[in-house]
Amino acid sequence: MECVVPLIAFLTTRFLGARHTVRAMKEVLLSAGAINSPRILLHSGIGDVNELKSVGIKALVDLPSVGKNLTDQPSIYVSFRANTTFDTLRDK
């Protein structure tokens, strides 16, 4: 099932326009990838209070590390050709 999550609505706030409502008794595991997980948290009001205020988002939890220290994880493909007639030192 594919689902688009713009933000997480907490019981302390009012969020209109949600298509699905999911209630949790304890914690919720958010797994939306390295880019989308912090994006959802930030849009939900979890992050650096000053940065959230500057873009008009009401801060619920001050966690300045949300969305920081993101690094690219490059995938490097290495390809080479070898001469099949190449003699190794062991063959001599």
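A brief look at the structure comes next. Quick caveat, the model's predicted, so the values are computed rather than measured.

## Description of helix H1 (residues 33–43)
All of the buried residues along H1 are Ser37, Pro38 and Ile40. Along the axis of H1, the buried positions cluster into a sector of 155 degrees, meaning they face one direction only. After H1 finishes, the residue glycine 45 shows a positive phi value of roughly 95 degrees.

## A look at the pattern of salt bridges
For the structure shown, the criterion picks out one salt bridge. Glutamate 51 is paired through a salt bridge with lysine 68; the nearest N and O atoms lie 2.8 Å apart. Of the two residues, glutamate 51 is situated in helix H2 (residues 49–54) and lysine 68 in the segment after strand S2 (61–62); the sequence distance between them amounts to 17 residues.

## Regarding the side chain of serine 44
Note on placement: serine 44 falls in the loop between H1 and strand S1 (46–47). Exposure remark for serine 44: the relative accessible area of 6% places this residue in the buried category. A polar contact of 2.7 Å, which involves the side chain of serine 44, links it to the backbone oxygen of isoleucine 40.

Definitions and limits used
Residues numbered from 1 in each chain as written. Predicted model: local features only at pLDDT ≥ 70, side-chain atom pairs only at ≥ 80, totals over all residues. Heavy atoms only, no water. Buried < 20%, exposed > 50% of the residue type's maximum accessible area, 1.4 Å probe, protein only. Helix = DSSP H or I, 4+ residues; strand = E, 2+ residues; numbered from the N terminus. Arc of directions from axis to C-beta. Salt bridge = Lys/Arg side-chain N within 4 Å of Asp/Glu carboxyl O. Polar contact = N/O pair within 3.5 Å; in protein donor to acceptor, adjacent residues only side chain to side chain.

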